[in-house]
Amino acid sequence: MGKVVLVTGAARQLGGRFVRRIQRDPEVERVIAVDAVTPPHRLGSAEFVRTDIRQSAIARVLAEHAVDTVVHLAVTGGAAGVGGGHSVVKETNVIGTMQLLGACQKSPTVRRLVVKSSTSVYGGTSRDPAVFTETTQPKSLPAGGFAKDATEVEGYVRGFARRRPDVAVCVLRFANILGPFADSALAEYFSMPVMPTVLGYDPRLQFVHEDDVLDVLRLAARAPEPGTLNSGTFNIAGDGVLLLSQCARRLGRPTLPLLLPAVTWVGQALRAVGATDFSPEQIRLLTHGRVVETTQMREVLGFAPMYTTVETFADFARSRGSGLLPPERVGQAVDRVAAMLDADGRRADGPGSDGDEAEGARR
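All values derive from a computational prediction rather than experimental measurement.

Definitions and cut-offs
Residues numbered from 1 in each chain as written. Predicted model: local features only at pLDDT ≥ 70, side-chain atom pairs only at ≥ 80, totals over all residues. Heavy atoms only, no water. Core = buried A, V, L, I, M, F, W, Y, C linked by side-chain atoms within 4.5 Å. Buried < 20%, exposed > 50% of the residue type's maximum accessible area, 1.4 Å probe, protein only. Helix = DSSP H or I, 4+ residues; strand = E, 2+ residues; numbered from the N terminus. Contact = heavy atoms within 4.5 Å. Axes fitted to C-alpha atoms, helices over the stretch in contact; angles between N-to-C directions. Parallel < 35°, antiparallel > 145°, perpendicular 65-115°, else oblique. Left-handed = near helix turned anticlockwise from the far one by under 90°. Nonpolar A, V, L, I, M, F, W, Y, C, P; charged D, E, K, R; others polar. 1 Å grid on protein atoms, 1.4 Å probe; cavity = no way out; pocket = protein on both sides within 12 Å on 5 of 7 lines; lining within 4 Å. Points joined across faces, edges and corners; volume = space filled by probe spheres on them. Phe/Tyr/Trp six-rings, centres within 6.5 Å; stacked < 30°, edge-to-face > 60°.

A. A look at the nonpolar core. The biggest cluster of nonpolar side chains holds 65 residues, and the ones touching the most others in it are L6, V70, V71, L172, F174, L217 and I236. Element by element, the count of residues in this core is highest for helix α6 (residues 210-221), at six residues. Those residues within four positions of I236 in sequence are excluded, and the remaining contacts are L172, R173, F174, A175, V208, V216, M297 and L301. Ranked by size, the runner-up nonpolar core spans 26 residues in total, among them A248, L285, F313 and F316.

B. How the structure looks around helix α1 (residues 13-22). Counted residue by residue, α1 has nine buried out of 10 residues, so it is predominantly covered. Buried residues belonging to α1 abut β1 (3-8), β2 (28-35), β4 (69-72), β5 (112-118), β7 (176-178) and α6.

C. Quick look at the environment of D315. Mapped onto the elements, D315 comes out in helix α11 (residues 309-320). On the basis of relative accessible area, D315 is assigned to the buried category, the value being 15%. Not counting residues within four places of it along the chain, the set of residues in contact with D315 comprises P180, H209 and Y307.

D. Representation of the packing of α1 against α6 in the model. Orientation of α1 relative to α6, taken along the N-to-C sense of each, is 50 degrees, at an axis distance of 10 Å. Our classification of the angle between α1 and α6 gives oblique. Crossing geometry of α1 relative to α6 is assigned as right-handed. For the pair formed by α1 and α6, the contact residues are Q13, L14, R17, F18, R21 and I22 on the first element and E210, D211, V213, L214, D215, L217 and R218 on the second. Its residues placed into classes, the contact of α1 with α6 shows six nonpolar, one polar and six charged.

E. Layout of the pairing of β5. The element β5 is largely enclosed, with a buried count of seven among its seven residues. Across the two faces of β5 the burial is the same, with R112, V114, K116 and S118 and L113, V115 and S117 all buried.

F. Empty space enclosed by the protein, seen in detail. What the rule picks out here adds up to one cavity of 30 Å³ or more. In this structure, the largest cavity encloses a volume near 40 Å³. Every residue along the wall of the largest cavity is listed here: T119, A175, N176, Q206, R290, V291 and V292. A per-class count over the lining of the largest cavity returns three nonpolar, three polar and one charged.

G. The environment of V34, seen in detail. Mapped onto the elements of the fold, V34 is located in strand β2. Setting aside anything within four residues of it in sequence, one finds V34 in contact with L6, V7, T8, G9, A10, F48, V49, T51, I53, I58 and V61.

H. Just the packing of aromatic side chains, in detail. For the coordinates displayed, the defined rule picks out seven aromatic pairs. When the ring of Y122 is compared with that of F132, the centres are 4.7 Å apart and the planes differ by 15 degrees; the resulting orientation is stacked. With Y122 in the loop between β5 and α4 (145-163) and F132 in the loop between β5 and α4, this residue pair connects regions lying 10 residues apart in the sequence. There is no split in this pair, since Y122 and F132 are both buried. Put simply, the rings of Y189, F190, F207, F313 and F316 touch in pairs and so form one group of aromatic residues.

That's the geometry; what it means functionally is another story.
Written out as structure tokens, the structure reads:
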């Protein structure tokens, strides 16, 4: 008998794509797609069950279909897409996870649990380390938003793993997910005609391509390959980093540097009019950035992303089209300014400079 895989969050684009992808796995016999709303996209041959994971009915779904693998993708960072407003999303993240884990704990058939989490659990402060590992403790726990939800979710998952040691549990902490179909708050920010930034800060950012997300979820849902272990907690990100200023240049979008209080006010105004989900959590990311270590992903989980951070962003940028400023012209202008500054520096250090005159006077 093949595996019976239940996927939550099937109405979102990432969940829908994973449902279609996992059906092609020869080890999978049936896929049960679950969400509180009817998906706007096709789910292939998967059986869709409309149910709210915040309700106890999810336990009946596990029992009726003898589910042995649960892939929990209904942990999301915003109200974009389907599923209601921010309050509904938060309840689904936290209360829904509690109900799902309770149902899994009682189920005699469940043998594997995969949970989509986020590197946002590390927080974002000026005191953070340059690179986070899976064992790094945040300097301060997230006070709200998706980061707080993800932290609570991981706490519940650890409790479940202690109560059901016979279930293989894999938590995947994804960096910011981008790609042609990205519908996250950060994708909305990068799509703005003018990008507000925090004056004096140029954070380092890491991305993971949505195709790599699907591949690593599929790997985590299967039995581990020889020499690997797909149980535990893993950072998932593409190699390399990009500065926010480099992202703006590649998009051809001008930035609007503002003092931090002004950025906060602009974010509140944009959220109020529904232009973008410019949350305090996102402002912290665009101030301090976040970079994670991925050695465990490669050496223990046995996963190597197809896309680097730079390649992921390039694919995303192609899907968004050119901004107000063509990237080629922006790059040429920056190169000219850099050349002028370099030439000025050489003249200042050359013969006859103030430095030489001072040296001559000392002699």
